[in-house]
Amino acid sequence: MTIPSAAPHPLDHVIWSALTTRHAPLAQGSPLAWRYPPEVAPFAALANRSEAAFESLHALMQPGERAVLFTVDAVEVPAQFTTLLEKFGEQMIATSYTPAAAVAEHLTLGPTDVTEMRALVALTRPGPFKERTIELGRYIGRRQDGQLVAMAGERMNIDGFTEVSAICTHPDHRGHGHAAALTDVIARGILARGDTPFLHVWADNASAIALYHKLGFRIRRTMHVTAVARAG
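Residues numbered from 1 in each chain as written. Predicted model: local features only at pLDDT ≥ 70, side-chain atom pairs only at ≥ 80, totals over all residues. Heavy atoms only, no water.

Colleague: Just to check I follow, could you spell out helix α5 (residues 206–215) for this structure?
Modeller: Two residues of an α-helix separated by three or four positions point the same way, owing to the 3.6 residues in each turn. For α5, the complete set of buried residues consists of Ala208, Ile209, Tyr212 and Leu215. For α5, the arc enclosing every buried residue in end-on projection is 120°, short of the 170-degree limit, so these residues lie on one face. What points out from α5, more than 90 degrees from its buried face, is the exposed set Ala206, Ser207 and Lys214. The inward-facing, buried residues of α5 contact β5 (81–93), β9 (161–169), α4 (178–192), β10 (196–202) and β11 (218–230). Note on α5: the residue one or two positions beyond its end, Gly216, has a positive phi of about 110°. (Buried < 20%, exposed > 50% of the residue type's maximum accessible area, 1.4 Å probe, protein only. Helix = DSSP H or I, 4+ residues; strand = E, 2+ residues; numbered from the N terminus. Arc of directions from axis to C-beta. Contact = heavy atoms within 4.5 Å.)

Encoded structure:
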């Protein structure tokens, strides 16, 4: 008797899963390659590693434009692309998350805050944050003396799962629990909708991984993050 193999987990192909479910209205491309609009996010996904799939991605991009892939295996980048980055990231999931006793103080961030949000992301580098990234979900922050000092929000959205992202704190305001508090608020809201929170963190960011462990996130699997640019 042949035992059927288990279906792939949607988070194994997280970008593809998002762009073919809840974020399908944002998807650009074809059944071989999908991407977010570049002003929303640089993420793209391939149906497979075939030459045709890479050609489809190539056709979606302008010369010099960047695309970021999240995959379970290393990507062999063809000649029509330049590899900009190859790095390991940990995908963490809150399978046993326990919200804090009280909702932390926070404010809702909107389109008028995007300039400040992008400046904070540029300073702290938690991941890409484009002009329209804020359209992907809920974003919250904390201000001190009028300055945005910390933020967190939602990014990729899949049936049953929502990503916590853009978790960052200004270097002058670290050590006060801002990241943990805002992550808790975002995760609490995701759970209230019936979804499971997950996030991505660089595998060499030991301090962030330790924080997320304390909050109830666990490493699900290591992902390959590959950034490429269209060569011509």
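Here the narrative resumes.
Colleague: Just to check I follow, could you spell out the pairing of β9 for this structure?
Modeller: Every other side chain in a regular strand lies on the same face of the sheet, so the side chains alternate between the two faces. Counting buried positions along β9 yields nine of nine residues, so the element is predominantly enclosed. Both strand β8 (residues 147–158) and β9 contribute to a ladder of six bridges, which runs antiparallel. Looking at β9, one finds that Ile158 is bridged to Phe161. The turn linking β8 back onto β9 is made up of two residues, and Gly160 within it adopts a positive phi angle of 95°. Handedness of the crossover joining β9 and β10 through α4: right-handed. (Pairing = 2+ DSSP bridges. Right-handed = clockwise from strand over helix to strand, strands pointing away.)

Colleague: Even after reading the chapter, I still don't get the sheet that holds strand β2 (residues 33–35), so can you show me in this structure?
Modeller: What links the strands of a sheet is backbone hydrogen bonding, and the strands pair in either a parallel or an antiparallel sense. Spatially, β1-β2-β3 is the arrangement adopted by the three strands of the open sheet, whose pairing is antiparallel. Each edge of the sheet is formed by a strand with only one pairing partner; in this case those strands are β1 (28–30) and β3 (44–46). Here the average twist between neighbouring strands, direction ignored, is 10°. The pairing of β1 with β2 spans three bridges and is classified as antiparallel. Residue pairing across strands places Gly29 opposite Trp34, the latter belonging to β2. Across the sheet, helix α2 (residues 51–60) is in contact with β1, β2 and β3; its angle to β2 comes to roughly 35°. (Axes fitted to C-alpha atoms, helices over the stretch in contact; angles between N-to-C directions.)

Colleague: Teacher, can you tell me more about the nonpolar core here?
Modeller: Grouped together as the largest cluster of nonpolar side chains are 24 residues, with contacts concentrated most on Met92, Val164, Ile167, Leu199, Val201, Tyr212 and Phe217. Listing elements by their share of this core, those giving two or more residues are β8, β9, α4, β10 and α5. No other element matches the seven residues that α4 contributes to this core. Look past the residues within four positions of Met92 in its chain and what remains in contact with it is Phe198, Leu199, Val201, Ile209, Tyr212, His213, Phe217, Arg218, Ile219 and Arg220. (Core = buried A, V, L, I, M, F, W, Y, C linked by side-chain atoms within 4.5 Å.)

Colleague: Please explain the sheet that holds β8 as it appears in this structure.
Modeller: Strand order in the open sheet formed by eight strands is β4-β11-β5-β10-β9-β8-β7-β6, and the pairing between neighbours is mixed. Every interior strand has two partners, whereas the edge strands, β4 (66–71) and β6 (107–108), have only one.

Colleague: Help me understand the layout of surface pockets, please; the structure alone is not making it clear to me.
Modeller: One water molecule sets the probe size; rolling that probe over the atoms shows where empty space is left. Roughly 1,200 Å³ of volume is contained in the largest pocket. As for the largest pocket, its lining consists of 46 residues, of which Thr124, Arg125, Pro126, Gly127 and Trp202 are closest to the centre. The set of elements that each furnish at least two residues to the lining of the largest pocket consists of β4, β5, α3 (114–124), β9, α4, β10, α5 and β11. Among the elements that line the lining of the largest pocket, the one with the most residues is β9, at seven residues. Residue composition of the lining of the largest pocket, grouped by class: 25 nonpolar, 13 polar and eight charged. What the second largest pocket holds in volume is close to 200 Å³. If you go around the second largest pocket, you meet 16 residues; those closest to its centre are His13, Leu46, Arg49, Phe70 and Thr71. Only α1 (14–19), β3 and β4 provide two or more residues apiece to the lining of the second largest pocket. (1 Å grid on protein atoms, 1.4 Å probe; cavity = no way out; pocket = protein on both sides within 12 Å on 5 of 7 lines; lining within 4 Å. Points joined across faces, edges and corners; volume = space filled by probe spheres on them. Nonpolar A, V, L, I, M, F, W, Y, C, P; charged D, E, K, R; others polar.)

Colleague: Can you walk me through the side chain of His170 in this structure?
Modeller: Turning to its location among the elements, His170 is positioned in the loop between β9 and α4. Overall, the relative accessible area of 14% leaves His170 in the buried class. The residues touching His170, leaving out its near neighbours within four places in the chain, are Leu120, Leu123, Thr124, Gln147 and Val149.

Colleague: Please explain the packing of aromatic side chains as it appears in this structure.
Modeller: What characterises a pair of aromatic rings is the spacing of the ring centres plus the angle enclosed by the ring planes. Summed over all chains, the structure comprises five aromatic pairs. With a centroid separation of 5.8 Å and 65° between ring planes, the pair formed by Tyr97 and Phe217 is classed as edge-to-face. Taken together, the residues span a long stretch of sequence, with Tyr97 in the loop between β5 and β6 and Phe217 in the loop between α5 and β11 at a distance of 120 residues. Overall, the relative accessible area of 0% leaves Phe217 in the buried class. Pairing Tyr212 with Phe217 gives two aromatic rings, centres 6.3 Å apart and planes at 65°, and the pair type is edge-to-face. Grouping residues by exposure puts Tyr212 and Phe217 together as buried. It is Lys87 that lies over the ring of Trp202; its NZ or CZ is 4.4 Å from the centre. (Phe/Tyr/Trp six-rings, centres within 6.5 Å; stacked < 30°, edge-to-face > 60°. Lys NZ or Arg CZ within 6 Å of the ring centre and 35° of its normal.)

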